[in-house]
Amino acid sequence: MIPVTSPAEGLADAVVITAECTADVFHRYGFALRAGRTKTAVVFQWHGKGAVQARRSVDLTLNCSLSCRPARAPHFSLPSVPVYKHLGTRTAVGAAMGPEFAFKESMLRDDLRRLRRRVLSNPGIPQHQRAKLAQACVLSRLLFHIGAWPGLSATLAGRFHTMIMKVYRCVIDRKEDDGYHISDERVIKDLGVMPPLVVLRLARVLLAVRVASRAPPFVSQLLCRAAAAPSSWLRALEVDLEIFGRACADDPALAHRPLDHWWSLFRAEPHACRRRFARAAASEAMSHVCVWARTRAEKELTEEHRCGECGSAFRSRQALAVHAYILHGRRSEVRRSLSTTFCPICLLEFHTRERAVKHLDSTAVCRANLLLMHPALDDECFRALESASADVIRELRAAGRSRSFASLPCVRLAGPLPLVMAPAGDPKGHPHGPGRKWHASS
Ligand SMILES: [Zn+2]
Ligand SMILES: [Zn+2]
């Protein structure tokens, strides 16, 4: 893929020059550039001044085809396409996966319309046979080539999950005693199938094994040295391997290791790797909800939070905090160190102490630096602040507001930000993080 950028009116010419140069270079080394809608094509993304005019001229005057006359290579015409199909996957500009999903969803709709009533949901056919038929007639087509997909956003992962669950639910769908449909977890368990996102992860790892074992040595060397860009296929593979390693912690062969070690392992013993991953994907550990949960909320629902003092387990962090407060009289460490209504680390004024505490509890970088740089308050001062906070909370409750309500928006106080310890992770949208320019300023 070659990205070309230019002002709108000159973009078509810039693309033509790039294509001509590329064709000449190919020609010089004895190769030929094959132009075509599914071979070499151009995807335009128009923006800014003159974009409408330039698009019209490409679409109407040139009829979506750019004529290229390289100096040495034969002349050819380069088609302009709205969506490009590469390795069986449809991608739009910026590697957006929307077109691919739209295609797969429409394919699934057609398949289910044909097969749902007569085959997949037919009570006359035993359930295990219907499951096999769903695999053979619907899923094998639907899941074709998903191993080449890059990492999906939470929304797309959700769409993928829904698509596959639709097929599973055709085969098995019943209501619980309380009138609700059975949960996804139950469907997966009762059918004995892999969760949709595990299917995707397995496909990606198996493709990596195939690439490593069959590619010529120079491609393997390239892959060993390649650094995974965010939202690339390689990065997604890294995450998959990590998840396999974490979920199947009892299998030392799947333990976490750098990507280049994996490549050499894939190359040395492809069959063993394939078997090991397929077995791991079908194991009970991988079918646990926290492995395939699509959202943080879903993951949190299934996670256990243990009390450090008495060992009791809770379903949410909040339940654990309430338990620790009531039974062990524990106050949050942030409360012990904060005496102001603003955050002393990022200088955001929140107007109430409660709201500042909430900010500090949820922002790793501010919290860590506050605890590091600000000593705990003395007992008397702490008690006075807590009773004042309690009064404020009571008043807010009486007015039907939540405890962290403030009528004024938060503002940045004037003054230089203090020097802080490098934040762990990626604090997006935070004054100390990469999205700082979007943050509230006074
Ligand atoms: Zn406890
Ligand atoms: Zn802060």
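Computed from a predicted model, the values in this text were never measured in an experiment. (Residues numbered from 1 in each chain as written. Chains lettered and ligands numbered in written order. Predicted model: local features only at pLDDT ≥ 70, side-chain atom pairs only at ≥ 80, totals over all residues.)

Participant: Can you tell me about the overall build of the protein, naming the residues and giving the values?
Facilitator: Secondary structure summary: the protein contains 18 helices and 8 strands in total. Over its C-alpha atoms the protein spans a radius of gyration of 28 Å, topping by over 25% the 22 Å that the globule rule assigns to 442 residues. Its C-alpha atoms put the protein at 85 × 65 × 45 Å along the principal axes. The burial tally for the protein puts 21% of its 442 residues in the buried class. Considering only contacts in the protein between residues 6 or more positions apart, those separated by 24 or more positions represent 62%. (Helix = DSSP H or I, 4+ residues; strand = E, 2+ residues; numbered from the N terminus. Rg over C-alpha atoms; globule rule 2.2 N^0.38 Å. Buried ≥ 20, exposed ≤ 12 C-beta atoms within 10 Å, placed from the backbone. Contact = placed C-beta atoms within 7 Å.)

Participant: I'd like a rundown of unusual backbone geometry, residues and numbers included.
Facilitator: Phi is positive for His145, which is not a glycine, with a value near 75 degrees. As for its position among the elements, His145 is in the loop between α4 (127–142) and α5 (154–171). Although it is not a glycine, Leu347 adopts a positive phi angle of roughly 60 degrees.

Participant: Could you give an account of the domain arrangement of the protein, with specific residues and numbers?
Facilitator: It is common to report an interface's size as the accessible area lost on association of the parts. Annotation of the protein at the domain level lists domain 1 (8–81), domain 2 (92–193), domain 3 (198–299) and domain 4 (340–430). Of note, the centres of domain 2 and domain 4, computed from C-alpha atoms alone, are 46 Å apart. (Domains from an automatic or database assignment.)

Participant: I'd like a rundown of the packing of α4 against α5, residues and numbers included.
Facilitator: Two numbers describe how α4 lies on α5: the axes approach to 9 Å, and their chain directions differ by 155 degrees. The orientation of α4 with respect to α5, classified from their angle, is roughly antiparallel. The element α4 and its partner α5 pack so that their crossing is right-handed. Mapping the contact onto sequence places Gln127, Arg130, Ala131, Ala134, Val138, Leu139 and Leu142 in α4 and Met163, Val167, Cys170 and Val171 in α5. A class-by-class count of the residues in the contact of α4 with α5 yields 9 nonpolar, 1 polar and 1 charged. (Axes fitted to C-alpha atoms, helices over the stretch in contact; angles between N-to-C directions. Parallel < 35°, antiparallel > 145°, perpendicular 65-115°, else oblique. Left-handed = near helix turned anticlockwise from the far one by under 90°. Nonpolar A, V, L, I, M, F, W, Y, C, P; charged D, E, K, R; others polar.)

Participant: Just give me the short version of the environment of Leu370, but keep the residues and values in it.
Facilitator: Along the chain, the position of Leu370 falls in helix α17 (residues 364–373). On a C-alpha basis, the gap between Leu370 and Arg317 in space is 21 Å, while along the polypeptide they are 53 residues apart. Beyond its immediate chain neighbours, meaning those up to four positions away, Leu370 contacts Val334, Ser337, Leu338, Pro344, Ile345 and Leu360.

Participant: Which residues make up the packing of helix α16 (residues 353–362) against α17, and what are the values?
Facilitator: Axis separation between α16 and α17 bottoms out at 5 Å; the angle between their running directions is 105 degrees. Taken together, the axes of α16 and α17 are roughly perpendicular relative to one another. Residues His359, Leu360 and Asp361 of α16 form the contact with α17, whose participating residues are Cys366, Arg367 and Leu370. Of the residues that constitute the contact of α16 with α17, the class distribution is 3 nonpolar, 1 polar and 2 charged.

Participant: Give a description of the pairing of strand β1 (residues 65–68) that names residues and reports values.
Facilitator: Because side chains alternate across β1, one face comprises the buried residues Leu66 and Cys68, and the other comprises Ser65 and Ser67, none of which is buried. The pairing of β1 with strand β2 (residues 76–79) spans 4 bridges and is classified as antiparallel. Paired with Cys68 across the two strands is Phe76, which belongs to β2. (Pairing = 2+ DSSP bridges.)

Participant: Mind laying out the confidence of the model for the protein, listing which residues take part and the relevant values?
Facilitator: Taken as a whole, the protein shows an average pLDDT of 83; of its residues, 92% reach a score of 70 or greater. The least confident element of the protein, judged by mean pLDDT, is helix α13 (residues 296–302) at 66; the most confident is helix α7 (residues 196–214) at 91. This stretch, residues 437–442, has a pLDDT under 50; its non-local contacts, to residues over four places away or in other chains, come to 13 contacts. (pLDDT = per-residue confidence, 0-100.)

Participant: Give a description of helix α9 (residues 233–247) that names residues and reports values.
Facilitator: The periodicity of an α-helix, 3.6 residues per turn, causes residues three or four places apart in sequence to face the same way. Here α9 contains 15 residues, and its C-alpha end-to-end distance of 21 Å stays within 8% of the 21 Å for a straight helix at 1.5 Å per residue. Buried within α9 we find Leu237, Asp240, Leu241, Phe244 and Ala247. Looking straight down α9, one finds that the buried residues subtend no more than 140 degrees of arc, so they occupy a single side. (Expected span 1.5 Å × (residues − 1). Arc of directions from axis to C-beta.)

Participant: If you had to explain the environment of Leu133 to someone new, which residues and values would you point to?
Facilitator: Mapped onto the secondary structure, Leu133 falls in helix α4. Taking the C-alpha atoms as reference points, Leu133 and Gly98, separated by 35 residues in sequence, lie 28 Å from one another. Contacts of Leu133, omitting those with residues within four sequence positions, involve Val119 and Leu120.

Participant: Any chance you could break down the environment of Cys346 for me, citing the residues and the numbers?
Facilitator: Structurally, the position occupied by Cys346 is in the loop between α15 (333–337) and β7 (348–349). Cys346 sits in the buried class, given 25 other C-beta atoms within 10 Å.

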